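Below are the chains, spelled out letter by letter.
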Amino acid sequence: AAMTDPLLIAQHDATPLHLLPQMANRHGLVTGATGTGKTVTLQTLAEHFSDIGVPCFLSDVKGDLSGLSQPGGGNAKVAERVEQLKLEGFEHKGYPVTFWDAFGDMGHPVRATVSDMGPLLLGRMLDLNDTQSGVLNLVFKVADDNGLLLLDLKDLRAMLAFVGENAKTFTTEYGNVSAASIGAIQRGLLELESQGGEQIFGEPMLNIADLMQTEKGRGVVNILSADRLMQSPKLYATLLLWLLSELFENLPEAGDLDKPKLVFFFDEAHLLFNDAPDALVDKIEQVVRLIRSKGVGVYFVTQNPADVPDKVLSQLGNRVQHALRAFSARDQKAVKAAAETMRDNPSLDEAAAITELGVGEALVSFLDAKGRPNIVERAFIVPPQGQIGPITDAQRRQLMQRSLVAGVYDKTVDRESAYETLKARTEQAAQAAAAEAQAKADAKTAAETAKRTEPGGNGGGILGSVLGGNGRREGAVEALAKSAARAIGSQVGRSIIRGVLGSLFGGKR
């Protein structure tokens, strides 16, 4: 088969319903209540993309998707469906996979640097209000202006303490630094750490090219283990959003391709939009709209189309709607809304069908060759060719050892960054202070002999609060104040310009 043959995803009676590879980057939506077959549909889609050489990224929320690495077989329901749909050439086979895990247990570690994540996404992760987000933006700006690299959370903590302690100095140049906001951000970081967020930040950072591999002509399926990550929903949503923005920032414009470079499945997509600030929803809408021209297809997977804001929903051309339950009035309204989002089929009562669909059955509408939605059909999803359900830990370990990225991300690297720089400054200041104290003592002895007094050093300075005010430490305070003032005054490093999701005011990198 040619690489860009239409993908047979579903079948209505004898009518095949194809997803066209050249339309696959016009994004998609897979919806339906729990237990209606969304995960299996996700697996079928990923397998078909892999077959035509398109790598995928998907988060495995329940731990079920790892099975696609092994050939299926021995599943009565699959056999029955294959028979029912009279599928030609259906064979059980496993697919090339790379396992990832933010916590580094069930897959290779996925890390971002704090600087690369940027204040907008980090603020979302920490659930900051507008005032607090403003202060976080300012802290990043101070770090950027002073060439201080923020790689991991200890860098950010050091930076927050530094800005907090010198609030007055920074207020004149950068705007108001409220101690209360600094405190709130620090508490947010503690909570993030208690959720294991420490591991997500640092180096080596994920290289987006590692998600876009093929093996013997088939696309590698990247599976992010997300069952533990899901216990911290904001952490989960933000990490996936960061990955998406990395793709957007780093991939060149691609024009019209005969198939996507990568398909990104966003499972539990409602978490992305739950109480998200408008500014963030606007950014997400922008990324989804523009990433299409980079050759990336984004597929949101969630219970109900209403989980996705309208401006994002309108960009999702390929639709698979599994069953929804209509127990309450609110449910019924949701069903009606879901039915109205697809191109009407005059011979089908969509709203009624949505509540009657069986497991693995769905209302399906893919885009045609001109990019228009096809009339919606009630159809059965073609079953996956890989195993349905999880693999064993031993199988997972073996696949991880053989993986294309084995050994690349497993060791954390800690190079000199803000934490070390600020710590060194304090230490240098303390040494200078000790030397100064010694010199004073010597001078005093000499002075007593010569009967004249040495003028004392005046303490205080912008870091007075940090190092205390007793005579012996005064010099330290002053030295550190001078060193900090120098660093703040001089443009030490290059200013880091963040991408569209880096910060609210970022330009291109």
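Going by the structure above, here's the rest.
This text gives an overview of the structure that appears in the document. Nothing here was measured: the structure is a model prediction, and the numbers come from that model. Every chain is numbered on its own, with residues counted from 1 as its sequence reads. Local features in this predicted model are restricted to residues whose pLDDT is 70 or higher, and side-chain atom pairs enter the listing and the counts only when it is 80 or higher, whereas totals over whole chains, interfaces and linings include all residues. As a rule here, side-chain values cover all heavy atoms of the structure and leave hydrogens and water aside.

So, on to the packing of aromatic side chains. A ring pair, where both rings are aromatic, is described by two values, the distance of the centres and the angle of the planes. Aromatic pairing here means that ring centres of Phe, Tyr or Trp (its six-membered ring) are within 6.5 Å. Orientation follows from the plane angle: under 30 degrees is stacked, over 60 is edge-to-face, and everything else is tilted. Applying the stated rule across the entire model yields 10 aromatic pairs. Measuring from centroid to centroid gives 5.9 Å for Phe266 and Phe300, while their planes differ by 25°, and the two rings are stacked. Of the two residues, Phe266 sits in strand E10 (residues 262-267) while Phe300 sits in strand E11 (residues 296-302), which places them 34 residues apart along the sequence. With a relative accessible area of 0%, Phe266 lands in the buried category. Taken together, the aromatic side chains of Phe57, Phe264, Phe266, Phe273 and Phe300 make up a single cluster linked through ring pairs. Sitting over the ring of Tyr95, Arg218 keeps its end group 5.1 Å from the ring centre. For the purposes of this entry, the term helix denotes a DSSP run of H or I that reaches at least four residues, the term strand denotes a run of E that reaches at least two, and both are numbered from the N terminus. Only protein chains enter the accessibility calculation, which uses a 1.4 Å probe; a residue whose area is less than 20% of its type maximum is buried, one above 50% is exposed, and one in between is partly exposed. Definition used: whenever NZ (Lys) or CZ (Arg) falls within 6 Å of the ring centre and also within 35 degrees of the ring normal, the charge is taken to sit over that ring.

Looking now at the sheet that holds strand E3 (residues 28-31). Taken in spatial order, the 12 strands make up an open sheet running E2-E1-E14-E13-E12-E3-E11-E10-E4-E9-E5-E6, and their pairing is mixed. Only two strands of the sheet have a single partner each, and these edge strands are strand E2 (15-19) and strand E6 (108-109). Relative to E2, strand E1 (residues 7-12) runs antiparallel, the two sharing five bridges. Each residue of the ladder has a partner; that of Gln11, found in E2, is Pro16. Two residues form a contact once any of their heavy atoms are found within 4.5 Å. For helices, the axis comes from a line fit to the C-alpha atoms of the stretch in contact; other axes are also lines fit to C-alpha atoms, and the angle between any two N-to-C directions lies between 0 and 180 degrees. Contacting E1 and strand E14 (377-381), helix H2 (residues 76-85) runs over the sheet at an angle of about 130° to E14. Any two strands between which DSSP finds at least two bridges are classified as paired.

With that out of the way, let us pick up the side chain of Gln132. Positionally, Gln132 belongs in helix H4 (residues 130-145). When sequence neighbours within four positions are dropped, the list of residues in contact with Gln132 reads Ser181, Ala184 and Ile185.

It is worth spelling out helix H6 (residues 167-174) at this point. Those residues of H6 not exposed but buried are Ala167, Phe170 and Tyr174. The buried residues of H6 occupy one face: seen down the axis, they fall within an arc of 70°. When the buried face of H6 is taken as reference, the exposed residues oriented beyond 90 degrees from it are Lys168, Thr172 and Glu173. Phi for Gly175, located one or two positions after H6, is positive at around 110°. Note that the arc is computed from the directions linking the helix axis to the C-beta atoms.

Right, let's get into the packing of helix H3 (residues 114-125) against H4. Each packed pair of helices is defined by two parameters, the angle between the axes and the distance between the axes. Put simply, H3 and H4 touch, their axes get as near as 9 Å, and they point 165° apart. On the basis of their axis angle, the class for H3 and H4 is roughly antiparallel. Between H3 and H4 lies a crossing of left-handed hand. Across the interface between the two elements, Val114, Ser115, Gly118, Pro119, Leu122 and Gly123 from H3 touch Leu136, Asn137 and Phe140 from H4. Roughly parallel here means an angle under 35 degrees, roughly antiparallel means over 145, roughly perpendicular means 65 to 115, and every remaining angle is called oblique. The sense of a crossing depends on the near helix, which, turned anticlockwise from the far helix by less than a right angle, makes the crossing left-handed and, turned clockwise, makes it right-handed.

The next thing to look at is the pairing of strand E13 (residues 361-365). Burial analysis of E13 places five of its five residues in the buried class, the great majority of the element. Neither face of E13 is exposed, since Glu361, Leu363 and Ser365 on one face and Ala362 and Val364 on the opposite face are all buried. One ladder, built from three bridges, connects strand E12 (residues 318-321) with E13; its direction is antiparallel. Across the sheet, Gln321 pairs through a bridge with Leu363, a residue of E13. As judged from the four bridges shared by E13 and E14, these two strands associate in the antiparallel manner. Note on E14: the bridge partner recorded for Glu361 is Phe380.

Buried Ala, Val, Leu, Ile, Met, Phe, Trp, Tyr and Cys residues form a nonpolar core when they are joined through side-chain atoms within 4.5 Å. Leu122, Leu156, Met159, Leu229 and Phe300 are the most contacted members of the largest nonpolar core, which has 86 residues in total. Here this core gets 11 residues from one element, more than from any other, and that element is helix H8 (residues 233-250). Those residues within four positions of Phe300 in sequence are excluded, and the remaining contacts are Gly28, Leu29, Val30, Phe266, Ala269, Leu272, Phe273, Val288, Val312 and Leu316. Judged by nonpolar contacts, the second largest core, of 35 residues, contains Leu65, Val97, Ile223 and Val320.

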